[in-house]
Amino acid sequence: MSEDFMLDTDDLKRRMDGAISALKTEFASLRTGRGSASMLEPVMVEAYGQRTPINQVGTVNVPEPRMVTINVWDKSMVNAVEKAIRESGLGINPQLNGTIIMLPIPELNEERRRELSKVAGQYAEHARVSIRNVRRDGMDQIKKGKADGLSEDDQKIWEGEVQDMTNAYIKQIDDALENKQAEIMQV
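Just so we're clear, the structure is a prediction, and the values are computed from it rather than from any experiment.

Thresholds, definitions, all that
- Residues numbered from 1 in each chain as written.
- Predicted model: local features only at pLDDT ≥ 70, side-chain atom pairs only at ≥ 80, totals over all residues.
- Heavy atoms only, no water.
- Pairing = 2+ DSSP bridges.
- Helix = DSSP H or I, 4+ residues; strand = E, 2+ residues; numbered from the N terminus.
- Axes fitted to C-alpha atoms, helices over the stretch in contact; angles between N-to-C directions.
- Core = buried A, V, L, I, M, F, W, Y, C linked by side-chain atoms within 4.5 Å.
- Buried < 20%, exposed > 50% of the residue type's maximum accessible area, 1.4 Å probe, protein only.
- Contact = heavy atoms within 4.5 Å.
- Domains from an automatic or database assignment.
- Buried area = accessible area lost by both parts, 1.4 Å probe.
- Salt bridge = Lys/Arg side-chain N within 4 Å of Asp/Glu carboxyl O.
- Polar contact = N/O pair within 3.5 Å; in protein donor to acceptor, adjacent residues only side chain to side chain.
- Nonpolar A, V, L, I, M, F, W, Y, C, P; charged D, E, K, R; others polar.

### Overview of the sheet that holds strand β4 (residues 67-72)
Stage number 1. Taken in spatial order, the 4 strands line up as β3-β4-β6-β5 in an open sheet, and their pairing is antiparallel. Every interior strand has two partners, whereas the edge strands, β3 (58-64) and β5 (95-97), have only one. If you compare each strand with its neighbour and ignore which way they point, the axes differ by 25° on average.
Stage number 2. Summarising the sheet, β4 and strand β6 (residues 100-104) pair through 5 bridges and their orientation is antiparallel. Looking at the pairing, Thr69 lines up with Met102 of β6.

Have a look at this one:
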């Protein structure tokens with residue numbers, strides 16, 4: 001391999017690991033019939049002119065397995081939090097009680113399980129796109145290296161390494177999706 005060209009594979013791995021961890025966080029938000037504070041982590045509220053995580057505008061509690069409550073600190077934010085939950089795609093209908101928003105977790109029927117399975121598939125596709133973007137960045141670096149005098153053989157070796165890394169991460173995503181969909185469909 002060329003002495004002067006070094007592809008930063010550690011950076012590519014770090015970015016691909018970031019996509020996998022983001023996917024796992026999103027999968028954690030897809031709770032199957034049980035309430036959890038983590039199910040609200042991906043929900044962002046339009047607060048004070050910027051997108052804010054829900055746990056930064058109120059306290060999230062799970063008083064019982066099928067109920068999640070959010071005690072919103074600022075009374076003026078209650079409607080924004082309720083709107084963010086409705087639009088999040090979680091399939092939960094918030095109930096207002098002053099500054100407390102109650103989220104009864106519905107029993108999962110077959111139709112809801114299929115919906116959640118599709119949402120999990122969408123999350124996985126976003127992660128695949130992220131991985132492919134990292135791959136594209138790596139391939140662009142290799143092409144720049146070729147323009148700077150990297151031999152064609154070395155270019156093929158580096159491209160093969162980036163592609164192998166991409167395939168491994170895509171397989172991790174597919175495996176995680178398969179496991180999550182099996183968990184969702186389990187009655």
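### Points about the nonpolar core
Stage number 1. Within the largest apolar cluster, 29 residues are counted, with the highest numbers of intra-cluster contacts made by Leu7, Leu23, Phe27, Leu30, Ile131, Ile142 and Ile173.
Stage number 2. Beyond its immediate stretch of four places on either side in the chain, Ile131 contacts Met16, Ala19, Thr166, Tyr169, Ile170 and Ile173.
Stage number 3. Listed in part, the 21 residues of the second largest apolar core include Met39, Ile54, Val72 and Val81.

### Considering unusual backbone geometry
Stage number 1. Here the phi dihedral of Tyr48 falls at roughly 55°; this positive angle occurs in a residue that is not glycine.
Stage number 2. Mapped onto the secondary structure, Tyr48 falls in the loop between β1 (44-47) and β2 (50-53).

### Section: the domain arrangement of the chain
Stage number 1. On domain assignment, one finds that the chain holds domain 1 (9-30 + 109-186) and domain 2 (37-104).
Stage number 2. Between the C-alpha centres of domain 1 and domain 2 there is a distance of 30 Å.
Stage number 3. Surface buried jointly by domain 1 and domain 2 totals about 480 Å² across both partners, of which 49% is contributed by carbon and sulfur atoms.
Stage number 4. Taken together, the connections running from domain 1 to domain 2 amount to 0 salt bridges.
Stage number 5. Taken together, the links from domain 1 to domain 2 amount to 0 residue pairs in polar contact (both at pLDDT 80 or more).
Stage number 6. With 3 residues, helix α1 (residues 9-29) is the single largest residue contributor to the side of domain 1 that touches domain 2.
Stage number 7. For the side of domain 1 that touches domain 2, the per-class residue count stands at 1 nonpolar, 2 polar and 1 charged.

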